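# Observations on the model geometry
This is what each chain is made of:
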Amino acid sequence: MTVEGTVSGLEERVVGRAWMVRLDPADRGGAAVRVSCGRPACAPQVLPSAAVGRTAAVAHLATHLRAAPGPRPQASCACRAEECHTHVRADGPRDRAPALRCGGPVVLAVINDRQGRWWQALECCARCAAAHPSAKIVATAPAAPARSAGGPAPAAGARGAAGPPPAPVGPHFSHAASSPAPVPVPRAAPATRTKPRRNRRTGKIAQRFVPHDLHPIALRDELIELGNLFRAYQERPEPDLEQLAELHSRKAKAFRTWAEVTGETELRLDAERAEQAAAAALLQHQQRTGQSPVGEGEVTNRLLPGLTQWEHARTVLAHVAEHTPLPGPEARLMAVMLTLRSALTGTGNLVGQDVRGLPLTEPEELIGRLVDSGWLSIPGTADDLLESRPESPTPITIPSLMPDEDGQGPFDFGRKTRPKLSGWAQRVVGDKKLRKKKTGAATRLLALALAVRTTTDGRLGPEGEGVDLAVLTSWCAVEPDELEPLVEQLTVADWLEEAAVTDGRLTGRLAERVLQVSCPLP
């Protein structure tokens, strides 16, 4: 039977507040993230990584929580206004879960998803907050004063904590439920209890259960939190090596403290393995972003960022070494620069300054010989090319680099990578100190060869073991006895340090000033 003229308690109450802080990708395929807030006055922030974004999002939400007033006793649940699944019964015969009835004091709660992509603050009742597994209570509204005998009725929704909640009315609730069962009052602790109840919080990390009685409590909480963070990281769609390194570093510190507390050797070994994992993840992150450690807390930003571009640079140099049409270091250096100008389509543009900037004795003759060999094609003469200016460059064609019928060429990098590789080679060959020392083509070729054969900290060769002299003489197109003077020239030009030729290998390291043009070996 429907009762006419009745007004539910929820309709008289104000809707609770709710706002959300989100973490979304800032650009497709990049590591940057955008932090946005549901409050109208908050502008989005773009941050470099997900780890930094999460820290900023949590701090932003905490600022709002500190500035916001406490929960209002007369507020209705914000989640009810959004028709969440705890309040709305799904239509269907198999739905046996009853919709939630609100009850308990009004609280200000924070809920979040497992992946750490959003955080929502909302005013709701204690029952609704308990229905969310991730909910954390920030504040609880004070109980409204009870109605005195014969006194005026309290404001709508300002009932005491012991009073029954009003019957919810809506499309999924019946008006007949006008007399719901009273909400049980939380039982107070007995006056005789002197010791607080033990917190039996527990968790799992690295296939180990964290004991609920582990002390200090801060260590137990850190281990439980780390376990949850590692599980959340495994569910990420894309890796974040910087965040992974931070997690492993925290795990190493926590496990070392755990080992000191319990005396277990296995925990100490786990801490050492976590330190190694943190160092490996950080190094991989630095390599992918074009960085490498130089000293305590320092990194180098490389001109070519990432392992892929470093490998492309080595591929181009290897191709030129096998397909140079003329002998000699000058022809080899010219072939490198022209190949990088026309690597993808076999065609490119060249101006006179590009050729005059190279250490060539007779550039006109060299261009003519390359054209006569069929390796290079230009519309005019070599003199026309040398006189061309940037506003009217000379088009060049290298037939051996043109794609075949299937559209495949000798290189598989993209259009955006080609100018980066060309700029990198120009930076190495045109180094200011190499030009001031008037070094020749062979010395510039040696600088290119050493730039792609180093470790991340600049030591020559794989694992810093040096580079085979036969490889260097073949690349520079010089005789073996001509190599040592070239090494001396690079040392004088502050390109090499601690250089030494022993047992058929060149050892040493690149100078710190040229680490940014190096392409470390994997």
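As a starting point, this report considers the structure included with it. Residues take numbers from 1 onward in each chain, read along the sequence in its written order. Local features in a predicted model are, by the rule used here, given only for residues with pLDDT of at least 70; side-chain atom pairs are given and counted only at 80 or more, and totals for whole chains, interfaces and linings are based on all residues. Excluding hydrogens and water, the side-chain values take into account all heavy atoms of the structure.

Looking only at helices and strands, the protein chain features 17 helices and 15 strands. In what follows, residue pairs with any heavy atoms lying within 4.5 Å of each other are defined as contacts. Looking at the protein chain alone, contacts between residues at least 24 apart form 59% of all its contacts between residues at least 6 apart. As displayed, the protein chain has an accessible area near 29000 Å², and 52% of this comes from carbon and sulfur atoms. Only DSSP runs of H or I with at least four residues qualify as helices, and only runs of E with at least two residues qualify as strands; both kinds are numbered from the N terminus onward. Computed with a 1.4 Å probe, the accessible areas rest on the Shrake-Rupley method; for each residue, only the protein chains presented here act as cover.

Take helix H8 (residues 307-323) next. Given a rise of 1.5 Å per residue, 17 residues ought to cover 24 Å, and the 25 Å separating the end C-alpha atoms of H8 matches this to within 8%. Turning to H8, its buried residues are Gln 309, Trp 310, His 312, Ala 313, Arg 314, Val 316, Leu 317, His 319 and Val 320. In this scheme, a helix's expected span is set at 1.5 Å multiplied by one less than its residue total. Note on exposure labels: buried denotes an accessible area under 20% of the residue type's maximum, exposed denotes more than 50%, and partly exposed covers the range between, all computed with a 1.4 Å probe on protein chains only.

Below, the discussion takes up the sheet that holds strand E3 (residues 33-37). An order of E4-E3-E2-E7-E6-E8 is seen for the 6 strands of this open sheet, with the pairing classed as antiparallel. For this open sheet the edge positions go to strand E4 (45-47) and strand E8 (136-140), each flanked by a neighbour on one side alone. The sheet shows a mean angle of 20 degrees between the axes of neighbouring strands, direction not considered. Pairing between strands is defined by DSSP: at least two bridges between them are needed. Direction of pairing for E3 relative to E4: antiparallel, over a ladder of 3 bridges. Here the axes come from fitting lines to C-alpha atoms, over the contacting stretch only for helices, and the angles between their N-to-C directions go from 0 to 180 degrees.

Where helix H15 (residues 441-451) contacts helix H17 (residues 483-492), the axes come no closer than 10 Å and their chain directions differ by 75 degrees. It follows from the interaxial angle that H15 and H17 lie roughly perpendicular. Mapping the contact onto sequence places Ala 442, Thr 443, Leu 446, Ala 447 and Leu 450 in H15 and Leu 483, Leu 486, Val 487, Gln 489 and Leu 490 in H17. By the convention adopted, Pro, Cys, Tyr, Trp, Phe, Met, Ile, Leu, Val and Ala count as nonpolar, Lys, Arg, Asp and Glu as charged, and the other residues, Gly among them, as polar. Of the residues assigned to the contact of H15 with H17, the class counts are 8 nonpolar, 2 polar and no charged. With respect to orientation, any angle under 35 degrees is reported as roughly parallel, any angle over 145 as roughly antiparallel, any angle of 65 to 115 as roughly perpendicular, and every other angle as oblique.

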